[in-house]
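The primary structure of each chain is shown beneath.
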Amino acid sequence: MSRVIVITSGKGGVGKTTITANLGSAIARLGFKIALIDADFGLRNLDLLLGLEQRVVYTAIDVLSGECTIEKALVKDKRQPNLVLLPAAQNRTKEAISPEEMKQLVSQLDKQFDFIFIDSPAGIEMGFRNAIAPAQEAIIVTTPEMAAVRDADRIVGLLESEDIKQIHLIVNRIKPKMIQLNQMISVEDILDLLVVPLIGIVPDDERIIVSTNRGEPLVLEETPSLPAIAFNNIAQRLDGKKIPFLDLMAADDNLFNRFRRRFFGN
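Only a predicted model underlies this, so the values are computations on that prediction, with no experimental measurement involved.

Draft legend 1. Highlighting the sheet that holds strand 3 (residues 75–76). Taken in spatial order, the eight strands of this open sheet run 3-4-2-5-1-6-7-8, and their pairing is mixed. Sheet topology places strand 3 and strand 8 (198–203) at the edges, where each strand pairs with a single neighbour. Taken together, the five bridges between strand 1 (residues 3–8) and strand 5 (residues 115–119) define a ladder with parallel strand orientation. Counted as the bridge partner of V4 is I116 from strand 5. Relative to the sheet, helix 11 (residues 226–238) contacts strand 1, strand 5, strand 6 (137–142), strand 7 (166–174) and strand 8, its axis offset from that of strand 8 by approximately 170°.

Written out as structure tokens, the structure is:
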């Protein structure tokens, strides 16, 4: 049986698809078989972030219509044999598929993979309903912005109402300097607001944009970067390992900041 995990958010643009691509690659590097499902029908970006866009022939809609088998629609990652992608259709809307049909797709993959990640579209409309339908677990992605945290809180309530009780949180795009200057919400404040177990903190880094544009997940680069370490740590925590969280504030520490915290307490 697979662990079926929906990766979701309330607000768009918080880096959810980037996290799906990197976390999926990190899980595959640990030796697990993983299928990524792009549930963002009408848009579809996960294939781009994985560098697989040229290999997409069939989509989930073709499987449901009987035009091909699910094995034919799965796109194998060219670098990692343990990772496959089930693409969404770009020329169809979110209403082209139902929650029951999403469950059918997942049931066809269930015995073949250790993990199935479903990349949910943002918001709480039909696309979200489809994405969460087969999920047993959820990872909510937020950024340290009040609007994103408020929307994440709404998503927590909706997931719980659908009996998805195992929910974890990733705080993405942390900027330690802005937190030290009280210009950004701290991770502790976000945890106080959402009351959801934290599974990862990912620092803001321009290298993520570069890797996204190249279709090369950051975790595959030979030179380890701080965000790549963060993604790999999250993958290990999903595997049940107790990995300490990165001390991003210490990584950005200097004499001025230590002096300010000593005398001003922030």
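And the narrative resumes.
Draft legend 2. Highlighting the layout of surface pockets. Taken as a whole, the largest pocket spans an internal volume of roughly 260 Å³. Along the walls of the largest pocket sit 17 residues, with G13, K16, T17, D40 and N45 positioned nearest its centre. Elements supplying a minimum of two residues to the lining of the largest pocket: helix 1 (16–29) and helix 2 (46–49). Residue composition of the lining of the largest pocket, grouped by class: five nonpolar, eight polar and four charged.

Draft legend 3. A look at the packing of aromatic side chains. A full pass over the atoms with the stated rule returns two aromatic pairs. A centroid spacing of 5.3 Å and a plane angle of 80° characterise the contact between F32 and F115, whose relative ring orientation is edge-to-face. Taken together, the positions of F32 in the loop between helix 1 and strand 2 (34–38) and F115 in strand 5 put the pair 83 residues apart, joining distant regions of the chain. Judged by its relative accessible area of 2%, F115 is buried. Look at F115 and F117: their rings are 6.1 Å apart centre to centre, the planes differ by 75°, and that puts the pair in the edge-to-face class. The side chain of K33 reaches across the aromatic face of F113, ending 5.6 Å from its centre. Sitting over the face of the ring of F245, R237 holds its NZ or CZ atom 4.1 Å from the ring centroid.

Here is what the cut-offs are and how they apply
Residues numbered from 1 in each chain as written. Predicted model: local features only at pLDDT ≥ 70, side-chain atom pairs only at ≥ 80, totals over all residues. Heavy atoms only, no water. Pairing = 2+ DSSP bridges. Helix = DSSP H or I, 4+ residues; strand = E, 2+ residues; numbered from the N terminus. Contact = heavy atoms within 4.5 Å. Axes fitted to C-alpha atoms, helices over the stretch in contact; angles between N-to-C directions. 1 Å grid on protein atoms, 1.4 Å probe; cavity = no way out; pocket = protein on both sides within 12 Å on 5 of 7 lines; lining within 4 Å. Points joined across faces, edges and corners; volume = space filled by probe spheres on them. Nonpolar A, V, L, I, M, F, W, Y, C, P; charged D, E, K, R; others polar. Phe/Tyr/Trp six-rings, centres within 6.5 Å; stacked < 30°, edge-to-face > 60°. Buried < 20%, exposed > 50% of the residue type's maximum accessible area, 1.4 Å probe, protein only. Lys NZ or Arg CZ within 6 Å of the ring centre and 35° of its normal.

Geometric values such as these leave the question of function open.
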